[in-house]
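Understanding the architecture of this molecule
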Amino acid sequence: FAKLLQWVSKFSIPTLPLIFVMEATGVYYEMLAYELVERGQSVSIQLAKNVKYFMQSHNIKSKTDSIDAQAIAQMGLERKLTLWQPGSIRMRALKQLCRERTMLQTEQTVVKNQLHACKHSYAPVLRTIKRMEARLAVIKEQIQEVEQDLKEIVEKDQFLSERVANVCTIKGVGFISAISIIAETNGFALFNNKRQLISYSGYDVVRKQSGNMEAKTRISKKGNKNIRKALYFPATSAAIHDPTMKKTYERIYQKTTIKMKGNVALQRKILVLIFTLYKNNVPYDYQYQQNKERHLTKTVKNKAESIVNCPA
């Protein structure tokens, strides 16, 4: 990194702004990005798809490290890019722990399926079954350790603890679901409105129409898949236990006869609710929608009466 900065100093002009633009490649860009920010440099992190689309717009067909680097530099010169703001150490730790838990749960499911198949096979090897059961016990213990680590981090932060408690007042949203969403969005630090959040999570609606042909609308899924994964079970639970959510789910299901569309609609609704409650630091008011509808009905009725009573 020191050699990189020394090399850059040969070509940069002190009176002109200098921005380091890099492509987000897994986690391998993070060490350099944090190092540069700590040294007071401006950094812009671009998604791989953004770089790809930029190269396509310039009809760049070849792909090598040097060509990619030149394209990224050109992108930084031509476009007004948003500067990257690193998350806090606490949020980074929460995100890493939440993803570790997801990884352990996936591994647990795989081993459970393998164990089930092994037990129902002809003449299974008992020592193999014991090893699988031991592996499951270790995974279960590690999941509990991760959950305990998450709770300890949240309990030490009063600001975060209060907001997590408010988010958990939504039916179907538990501690793990709430903290997963908060960690993946860095505490909603960079989101000014719900449209930005919906787009970041891949819930924005995509339409395709040409002439008389129009494809079915769907969500883009070009966003953080961990958020969508964390919201699936809360949406399923809310469709059963929350009357307002259940009403929305049933309306969409009757219209489309596709259960997943109803579930996705609730996921999006719950995400916006979490964002609102977290930002405003208030619990969920289950009477809010009813009061809103009652107020709207009263307003319409008053307007109708004023029109009727208006002198000719």
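You'll find the structure just up there.
Our subject in this report is the structure included herewith. (Residues numbered from 1 in each chain as written. Predicted model: local features only at pLDDT ≥ 70, side-chain atom pairs only at ≥ 80, totals over all residues. Heavy atoms only, no water.)

This paragraph deals with the packing of helix α6 (residues 126–155) against helix α8 (residues 175–184). Contact pair α6 / α8: the axes reach a minimum separation of 11 Å and the direction vectors enclose 65°. Put simply, α6 runs roughly perpendicular to α8. Both α6 and α8 take part in a crossing whose hand is left-handed. Across from Glu-147, Leu-150, Lys-151 and Val-154 in α6, the residues of α8 making contact are Phe-175, Ile-176 and Ile-179. Looking at the contact of α6 with α8 residue by residue, the class counts come to 5 nonpolar, no polar and 2 charged. (Axes fitted to C-alpha atoms, helices over the stretch in contact; angles between N-to-C directions. Helix = DSSP H or I, 4+ residues; strand = E, 2+ residues; numbered from the N terminus. Parallel < 35°, antiparallel > 145°, perpendicular 65-115°, else oblique. Left-handed = near helix turned anticlockwise from the far one by under 90°. Contact = heavy atoms within 4.5 Å. Nonpolar A, V, L, I, M, F, W, Y, C, P; charged D, E, K, R; others polar.)

Along any regular strand the residues' side chains alternate between the sheet's two faces. Only one face of strand β1 (residues 19–23) is covered, namely the one carrying Phe-20 and Met-22; the face carrying Ile-19, Val-21 and Glu-23 has none of its residues buried. Across 5 bridges, β1 lies against strand β2 (residues 42–46) in parallel orientation. Opposite Phe-20, over in β2, you have Val-43 as the bridge partner. At this point the chain moves from β1, through helix α2 (residues 30–38), to the parallel β2, and the crossover so formed is right-handed. (Buried < 20%, exposed > 50% of the residue type's maximum accessible area, 1.4 Å probe, protein only. Pairing = 2+ DSSP bridges. Right-handed = clockwise from strand over helix to strand, strands pointing away.)

What follows deals with a nonpolar patch on the surface. Among the surface-exposed residues, Tyr-232, Phe-233, Ile-258 and Met-260 lie close enough to one another that they form a single nonpolar patch of about 410 Å² accessible area. Assignment of secondary structure puts Ile-258 in the loop between α11 (243–256) and α12 (259–280). (Patch = residues over 30% accessible without salt bridge, like charges linked within 9 Å, V, L, I, M, F, W, Y side chains within 5 Å. Areas by Shrake-Rupley, 256 points an atom, 1.4 Å probe, with all protein chains shown as cover. Salt bridge = Lys/Arg side-chain N within 4 Å of Asp/Glu carboxyl O.)

Running from N to C, helix α5 (residues 89–119) and α6 cross one another at 160°; their axes reach a closest spacing of 9 Å. One finds that α5 runs roughly antiparallel with respect to α6. Of the two possible hands of crossing, α5 and α6 adopt the one that is left-handed. Across the contact of α5 with α6, the residue classes tally to 17 nonpolar, 5 polar and 11 charged.

Moving on, we get to the pattern of salt bridges. All chains considered together, the criterion is met by 7 salt bridges. Close ionic contact of Lys-63 with Asp-68 constitutes a salt bridge, the shortest N to O distance being 2.8 Å. Looking at Lys-63, the relative accessible area reads 63%, which means it is exposed. Here Glu-214 makes a salt bridge to Arg-207, at a shortest N to O gap of 2.6 Å.

So, about a negative patch on the surface. A surface patch of like charges, here negative, comprises Glu-100, Glu-141, Glu-145, Asp-149, Glu-152 and Glu-155. Here the negative patch gets 5 residues from one element, more than from any other, and that element is α6. Within the fold, Glu-145 resides in helix α6. The exposure class of Glu-145 is partly exposed, given its relative accessible area of 44%. (Lys, Arg positive; Asp, Glu negative; His and termini not counted. Charge placed at Lys NZ, Arg CZ, Asp CG, Glu CD.)

Moving on, we get to the side chain of Asn-263. In this fold, Asn-263 is placed in helix α12. With residues up to four places along the chain from it excluded, the contact list for Asn-263 reads Tyr-232, Ala-235, Thr-236 and Tyr-249.

Attention shifts here to the nonpolar core. One finds Leu-94, Leu-160, Phe-188 and Ile-274 to be the most contacted residues of the largest nonpolar core, which totals 53 residues. For this core, the secondary structure elements donating two or more residues are α5, α6, α7 (158–167), α8, α9 (194–201), α10 (225–241), α11 and α12. The leading source of residues in this core is α12, at 10 residues. Residues contacting Ile-274, with those up to four places away along its chain left out, are Val-167, Ile-170, Val-173, Ile-181, Phe-188 and Leu-231. Leu-5, Tyr-29, Leu-36 and Val-43 belong to the second-largest nonpolar core, a separate cluster that totals 9 residues. (Core = buried A, V, L, I, M, F, W, Y, C linked by side-chain atoms within 4.5 Å.)

Quick look at the environment of Arg-268 now. Relative to the elements of secondary structure, Arg-268 occurs in helix α12. Take Arg-268: its relative accessible area is 32%, and that puts it in the partly exposed class. Through-space distance from the C-alpha of Arg-268 to that of Glu-152 is 29 Å; in sequence the pair is 116 residues apart. Here Arg-268 is in contact with Ile-198, Tyr-203 and Val-205, once residues within four sequence places are set aside.

A few words now on a positive patch on the surface. A cluster of basic residues, Lys-194, Arg-195, Lys-216, Lys-247, Arg-251, Lys-255, Lys-261, Arg-268 and Lys-269, forms a positive patch on the protein surface. Of all the elements in the fold, those that place two or more residues in the positive patch are α9, α11 and α12. Residue placement: Arg-251 occurs in helix α11. Arg-251 gets classed as exposed once you look at its relative accessible area, which sits at 55%.

Shape descriptors only; they carry no functional weight alone.
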